[in-house]
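Each chain, written out:
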Amino acid sequence: MPYKIGIDVGGTFTDFLLVDENGNLEIYKVLSTPEDPSIGVFNGLLEMAKNQVLSISEFLKEVERVVHGTTVTTNAVLTNTVSKTGLLTTAGFRDTLQMRRGIREELYNNKYQPPPPIVPRHLRLPVTERVDVEGNIVKNIKSGDVWAAINKFNREDVKAVAICFMHSYANKTNESIAAKMVKKKMPDVYLTVSSELLPQIRFYERTSTTVLNSCVGPILKGYLRNLTKKLSESLFDGVLLIMQSNGGVTSPHIAQEVAASTLLSGPAAAPVAGIAYTSTQEYKNFITVDMGGTSFDAILVENRKPFVTTEGKVNLNALALPMMAIHTIGAGGGSIGWINEGGLLQMGPKSAGASPGPVCYRKGGKEPTCTDADLVLGYLNPDYFAGGKIKLDIEKAKETIKEKIAKPLNLSLMEAAAGMYHVINVNMASAIREITIKRGYDPREFLLVCAGGAGPIHAAMIALELEIPKILIPKESSIFCAAGMLFSDLKHDYVRTYHTIFSKDNTDINRLIGLLKEIEDEGHAILKKEKIPEDKHRIEYSLDMRYLGQYHEVNIKIKKEHILEFDTESISNIFHYEHDRLYGYSLRKEGTRIELVNVRVTAVGITEKPGLQEESYQGPDATRHLKGSRLAYLPSEEDYREVDIYDGMKMGYGNHLAGPVIIEQVNTTIFVPPEYTVDCDAYGSYMLSLI
Amino acid sequence: MSNNRIDYILVSVLQRRFRSITEEMGLTLLRTTRSPILNEARDFVTGLYDAKGRMLEQTEYIPVLAFAVSGVCKYIFEYFGDDIHPGDVILHNDVFTHGNQNNDVAVFKPVFHGDALVAWAACKGHQADIGGAVAGGYNPEAREVWQEALRIPPVKVYEKGKLRKDVWDMIFANIRFPIVEEDIKAEIGGCVVGERGITALIERYNLDVFNTHVEYLFDSTEKMVRNEIREIPDGTYHGESIVFYDGVKEDSQMKINLNIIVDGTDINFDFTGSSPQTPGFVNAPYAATASAVLLTFLMLINPDIPHNEGIVRPIKIINPQGSFLNAKFPAATTFGNSITGPTSDAIFKAFANALPKMVSAGWNRFLGFTLTGFDPKKDKPYVDILFLSLKGGSGATYLCDGYDHIGLINCAGGILAQDYEMFEIHDPHFLIKHEYMIDSAGAGKWRGGLGVETEFRIDGKNVTGIAFGDGIEKGAEAFGLFGGKRGTLNRIELQYPDGRISAAKSKEIIRDIPRGTIFYQRAAGGGGYGSPYERPVQKVLQDVINGMVSIEKARDDYGVVIKPETMTIDKMATERLRKGQANIDEKGGGKAD
């Protein structure tokens, strides 16, 4: 009985989706264990084994694939708890990382503060050396500088080193020499060399990406070492894959070398899941939102293609690896309600997370959270949280909200809890505005695909705020990203800089083919290492090009034949077309010359995906799934009303209900306000429609 | 939807859409232009205007150009009257018809819905050259506008979609570098993106709905600004500031004399009494001074107010003609944008006591250096308006240190230093150093932003350098506030291959710079806020460990004694020093610098 498991470690919960060979799905959810996330992972695996009446080893022997998304790297950067890192850089340029080219993101805000540098200045050490713009070594590396820096790094007990020298994309000799010296004297340090990680022009972006990779490297490595050790001790013999921010997966030994590719990877599986779940719908344009315990992630998917960017930023530091363009704010079930100096109620971004967690968990939480408000408002069932596994203390929640919110604001308990609910909904609606209206899209034209344990309680009110007419809540919404991981392919991105005028006369076609082959081979080799058979490899080719003298490039997708046949005309035409589409004009007629800057390859290893199972038709009548009723708050009435509760575990294809109703599943509660109706589709997902 | 009913969601959708269209236009320029001053330094603005030229929204990377487009748009609308057609493209740069600087060339494209003119899309960017006596446009020797630039009062380069080749060729026959022609094409491309965006919006919501909602947007923005002004106590506030050296007469000084009158929800900036216009190019056209006022004002209010016509309605500016802040035709005025710093200084000083928590101490004044010459490797002429080396620090504010390496206040941190590798690809220059400068920031409870030092070797031939700026004369340091210390002074030096070193004046043309000369610039730090003796000791120590403040300065300015062998605080000595200073303070010392 070969199983596949998707595991998504969040700030509050660790989610699991277990799929057997027949496509049967089971959801598991355990509290995250931030001090060592692998503990939570194993707690979940143990629970699964128990449910199959197997020991953990017997169970894991049956598992052929585990796909794992981890937030350890992202959290480290966001909370400024990365590994202590030293930077070796060309003498004269030690501040580029902190300067960020001197940008202030908010022009008129004189109180705007830049993020603290990931590597403080006294650990950014200069090395006398120089490569010029053509790749010539004009100054040999002064080994004394490197030794001195290594001594200082050892004294300061740094755990990681980044090396980034000027123009190293054109000649990596000096970087390699320095790397050798570091490896010799600091054998245990995590080392990233810019010419190996991202041999691409632009000193700031390369430096920042290299440093980010180093400063999270030891954290990821330690975590993965721990996890794989535990797994193999339990006789796991399948394939472990790690989620990356580009929406693909990779094997652990590769992930730990390119640790930065896991930065912001947490929500990267959501669009993949969204595409899978909407494949049964006619919608091609949708917004996936994922509201967990700590954060709310949103991404726009247009024409089934998620937005991808190479201009990513982590805490305002450039990260030039290709990644999903996901917008994240601090809003989740654990978001803490508080009152600011102006006497206004605020929700988050601080979260009670998994520990101490919301007050009602009775794990020592003292601050009122979103989950506490949801409980007081009657959306959550205190006896059926996580299917009854966690008893919620409603009295404690009431007491705390009264004390910390209602009293100071002179409100009733209901008004205070309703205020918390409303404020966090508006915050999440604004996050959706950021990725839609701000980019010129009207949210009313998109389907809202809502995920996350806390999401479906809030989805309808967020949608109402934006007048979004349709909301899809997948049956597995509570573990949406875990599901997305099982739908992800393996994916590796490669880049080489080859700066030349692109024409039959100026471009050395053999060099170009050579570069392409080099990175293509690298891609095949890695996929092979990951045991993906050759017929499941898909290689995507693209070029970064620009008109002669321009500064920025347009990435154009091409076919391999275009290069092999040196079909400059087709390639030029694709470039002119893209330039026109993006920027309103092309210079085809003028015959302006085109420059090639980078050659890129994405190597995709296609994985076998679980199939969605169609349910049998139940008809519209859902009365037999009525569990009872309870008082719940209706925002439109500004008061509690008796609301019917349905058993979501039994509802099925065709069932139709009009709001207000509450649907309870083991791991999710769906609140359908009077403004919406709800229908179950053939795959067990709920479709809410604005009346 | 009925025409007089306002759909509030639609108002915010429109506002955000305008914003995103102008951002997309900006991206187009960023991605497609050739000159680093546009694609790396981002010295441009993109905007949308209604049929009458009123600002709908704009994306300003560089604020000083930004508030000088709407006036030109209104002027063009009057100038051409009924002679505006679909497919027209109009160019403009003239400072005597509402332009702010000769080098800032704007492209306007009218947007039609059926037969009706409904809006304008515009891009305005600083061009690498605009004709005139010297390459690059900054000419300290100019005495009239014609020695500075080719004047372009509005001229159509496309009429009804057809290129007017003769006009086009005449313009570019008078401009030195071919990239300018390409960059104007990019600006036209940006306008096409804007036109597409706004056409789609109007088709979708229909023109009447569009217009009523735009009016509502203007009104609601005006209301937001008025609410902000209401917060400032009524009264007249006086501020002064000095501009050093007019480029003609040694030791000359020009005074900005400013009275700000706040009356309810109206605000009036009165520059009467400022120095008369200068014989050289240290003069501003009206639009440049108005832009300086606006961008400084925006720093004192809620930063989230949308940028449209409504924002300027409560603001009046009195700026009599003939002063160096509103020079008469045909004065030379290319230095005008660079007077923004001193103008902001006067505004911050005026409001220091009324808005102590909002104003900032002085920002480092702008000192630029343009290099032109011949690139032997590429075998063609080049120009570099050196945005890499000129970004100094900003002034500190209540609760916040100044921003390091932010650059001139005109740009408010929107201007980017060039990436080093791209800098060397573009120009025949070999970079030696670009780092923060130790002890450059004015000390304070909150210190000023750090300045930077830049050093590179000039590998070009027949190179000419043009200095234009301020902040090198004693007294031109960024001012401190409430006991904070002044920032430091700017400096540019050339070290010739024969070993000779010469410092540039703040306005000067230096010819025949030999190949191999080393260029060195100090862009200084900003002013401090509050007494440095109140700065937490640990913060001072961190700055010393990181090499941003010296041990000597920590002791002398901050009263913090650090033991050099261990890099730790000498607590006793520090306490002694700081107590001593407190005694002096009580006796009435430690006044604002």
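Conventions adopted
Residues numbered from 1 in each chain as written. Chains lettered and ligands numbered in written order. Predicted model: local features only at pLDDT ≥ 70, side-chain atom pairs only at ≥ 80, totals over all residues. Heavy atoms only, no water. Helix = DSSP H or I, 4+ residues; strand = E, 2+ residues; numbered from the N terminus. Buried < 20%, exposed > 50% of the residue type's maximum accessible area, 1.4 Å probe, protein only. Contact = heavy atoms within 4.5 Å. Pairing = 2+ DSSP bridges. Axes fitted to C-alpha atoms, helices over the stretch in contact; angles between N-to-C directions. Buried area = accessible area lost by both parts, 1.4 Å probe. Salt bridge = Lys/Arg side-chain N within 4 Å of Asp/Glu carboxyl O. Nonpolar A, V, L, I, M, F, W, Y, C, P; charged D, E, K, R; others polar. Phe/Tyr/Trp six-rings, centres within 6.5 Å; stacked < 30°, edge-to-face > 60°. Lys NZ or Arg CZ within 6 Å of the ring centre and 35° of its normal. 1 Å grid on protein atoms, 1.4 Å probe; cavity = no way out; pocket = protein on both sides within 12 Å on 5 of 7 lines; lining within 4 Å. Points joined across faces, edges and corners; volume = space filled by probe spheres on them. Core = buried A, V, L, I, M, F, W, Y, C linked by side-chain atoms within 4.5 Å. Polar contact = N/O pair within 3.5 Å; in protein donor to acceptor, adjacent residues only side chain to side chain.

Draft legend 1. Representation of the overall build of chain A. Each helix and strand in chain A was counted, giving 18 helices and 35 strands. Referenced to the eigenvectors of the C-alpha coordinate spread, the extents of chain A come out at roughly 80 × 60 × 55 Å. Taken over 691 residues, chain A has a buried fraction of 61%. Considering only contacts within chain A whose residues lie at least 6 apart along the sequence, 67% involve residues at least 24 apart.

Draft legend 2. Inspection of the sheet that holds strand E6 (residues 124-127) of chain A at higher detail. Residue and element names in this part refer to chain A. Overall, parallel pairing links the 4 strands, which are arranged E6-E5-E9-E10 in an open sheet. At either end of the open sheet lies a strand with only one pairing partner, and these are E6 and strand E10 (190-193). Averaged over neighbouring strand pairs, the angle between their axes works out to 20° when direction is ignored. Summarising the sheet, strand E9 (residues 160-164) and E10 pair through 4 bridges and their orientation is parallel. Note that in E10 the partner of alanine 162 across the bridge is threonine 192. Running over the sheet, helix H5 (residues 143-156) touches strand E5 (85-90), E6 and E9 and is turned about 165° from E6. Relative to E9, helix H6 (residues 173-185) is tilted by about 165°, and along the sheet it contacts E5, E9 and E10.

Draft legend 3. Quick look at the interface of chain B and chain A. At the junction of the two partners, chain B supplies 79 residues and chain A supplies 72 residues. When chain B packs against chain A, close to 6,200 Å² is buried across both sides, 53% of that on carbon and sulfur atoms. Inspection of the region where chain B meets chain A yields 5 salt bridges. In this structure, glutamate 134 of chain A and lysine 377 of chain B form a salt bridge, with 3.8 Å as the shortest nitrogen-oxygen distance. Sorting the residues of the side of chain B that touches chain A by element identifies helix H1 (8-32), helix H2 (36-39), helix H6 (178-205), helix H8 (286-298), helix H11 (420-426) and strand E14 (429-436) of chain B as the ones contributing at least two each. If one sorts the elements of the side of chain B that touches chain A by residue count, H1 of chain B sits on top with 12 residues. For the side of chain B that touches chain A, a count of residues per class yields 37 nonpolar, 19 polar and 23 charged.

Draft legend 4. Here's a closer look at the packing of aromatic side chains. One pass over the structure, following the stated rule, counts 33 aromatic pairs over all chains. Residues tryptophan 146 of chain B and phenylalanine 329 of chain B carry aromatic rings whose centres are separated by 5.7 Å and whose planes lie at 85° to one another, so their mutual orientation is edge-to-face. Of the two residues, tryptophan 146 of chain B is situated in the loop between strand E5 (116-126) and strand E6 (155-159) and phenylalanine 329 of chain B in the loop between strand E11 (315-318) and helix H10 (340-351); the sequence distance between them amounts to 183 residues. Classification of tryptophan 146 of chain B as partly exposed rests on a relative accessible area of 44%. Ring plane angle 70° and centroid distance 5.6 Å describe the contact between tyrosine 398 of chain B and tryptophan 446 of chain B, whose orientation is recorded as edge-to-face. Placement of tyrosine 398 of chain B in the loop between strand E13 (380-384) and H11 and of tryptophan 446 of chain B in the loop between E14 and strand E15 (452-458) is noted, with a sequence separation of 48 residues between them. One aromatic cluster is present, built from ring pairs that chain together Phe369, Phe423, Phe456 and Phe519 of chain B. Positioned over the ring face of tryptophan 147 of chain A is lysine 185 of chain A, at 5.7 Å from the centre of the ring. Here the basic side chain of lysine 349 of chain B rests over the ring of phenylalanine 479 of chain B, its NZ or CZ set 5.0 Å away from the ring centre.

Draft legend 5. Up close: the pattern of salt bridges. Tallied over the entire structure, the rule returns 70 salt bridges over all chains. Across the pair arginine 202 of chain A and glutamate 553 of chain A runs a salt bridge whose closest N-O atoms are separated by 3.6 Å. Remark: glutamate 553 of chain A occurs in the loop between strand E26 (537-547) and strand E27 (554-558) and arginine 202 of chain A occurs in the loop between helix H7 (194-197) and helix H8 (203-233); sequence separation between them is 351 residues. Notably, a salt bridge pairs aspartate 557 of chain B with lysine 553 of chain B, separated by 3.3 Å at the nearest N-O pair. In this pair, aspartate 557 of chain B and lysine 553 of chain B both sit in helix H13 (residues 551-558), 4 residues apart, roughly one turn of the helix. One exposure class covers both aspartate 557 of chain B and lysine 553 of chain B, and it is buried. By sharing partners, the salt bridges in this structure join Asp219, Glu222, Arg226, Asp266 and Arg313 of chain B into a single network.

Draft legend 6. Looking closely at empty space enclosed by the protein. All names here are of chain B. With the rule as written, the count across this model stands at 9 cavities of 30 Å³ or more. In this structure, the largest cavity is lined by 15 residues; those nearest its centre are Asp43, Tyr138, Asn337, Leu408 and Asn410. Partitioned by chemical class, the residues of the lining of the largest cavity number 8 nonpolar, 5 polar and 2 charged. Considered as a void within the structure, the second largest cavity measures approximately 80 Å³ in volume. Lining the second largest cavity are 13 residues; nearest its centre among them are Ser35, Pro36, Ile37, Asp384 and Ile385. At the level of elements, H2 and E13 are the ones that each hand at least two residues to the lining of the second largest cavity. Tallied by class, residues from the lining of the second largest cavity come to 9 nonpolar, 2 polar and 2 charged.

Draft legend 7. Just the nonpolar core, in detail. One finds Phe18, Phe108, Ile260, Ile267, Phe269 and Phe351 of chain B to be the most contacted residues of the largest nonpolar core, which totals 141 residues. Looking at this core, the element that brings in the most residues is H6 of chain B, giving 9 residues. With sequence-adjacent residues up to four places away left out, isoleucine 267 of chain B is seen in contact with Ile229, Ile232, Ile260, Ile261, Val262, Phe297, Pro314, Ile315, Lys316 and Phe351 of chain B. Of all hydrophobic cores here, the second largest spans 74 residues; its members include Val127, Ala178, Ala255 and Ala259 of chain A.

Draft legend 8. The side chain of glutamate 57 of chain B, seen in detail. Residue and element names in this part refer to chain B. One can find glutamate 57 in strand E2 (residues 55-60). Within the structure, the side chain of glutamate 57 is placed 3.2 Å from the side chain of glutamine 15, a separation counted as a polar contact. Polar contacts involving the side chain of glutamate 57 include one to the side chain of arginine 19, which spans 3.3 Å. Dropping the residues within four chain positions of it, glutamate 57 is found in contact with Gln15, Phe18, Arg19, Thr22, Gly47, Leu48, Pro306 and His307.

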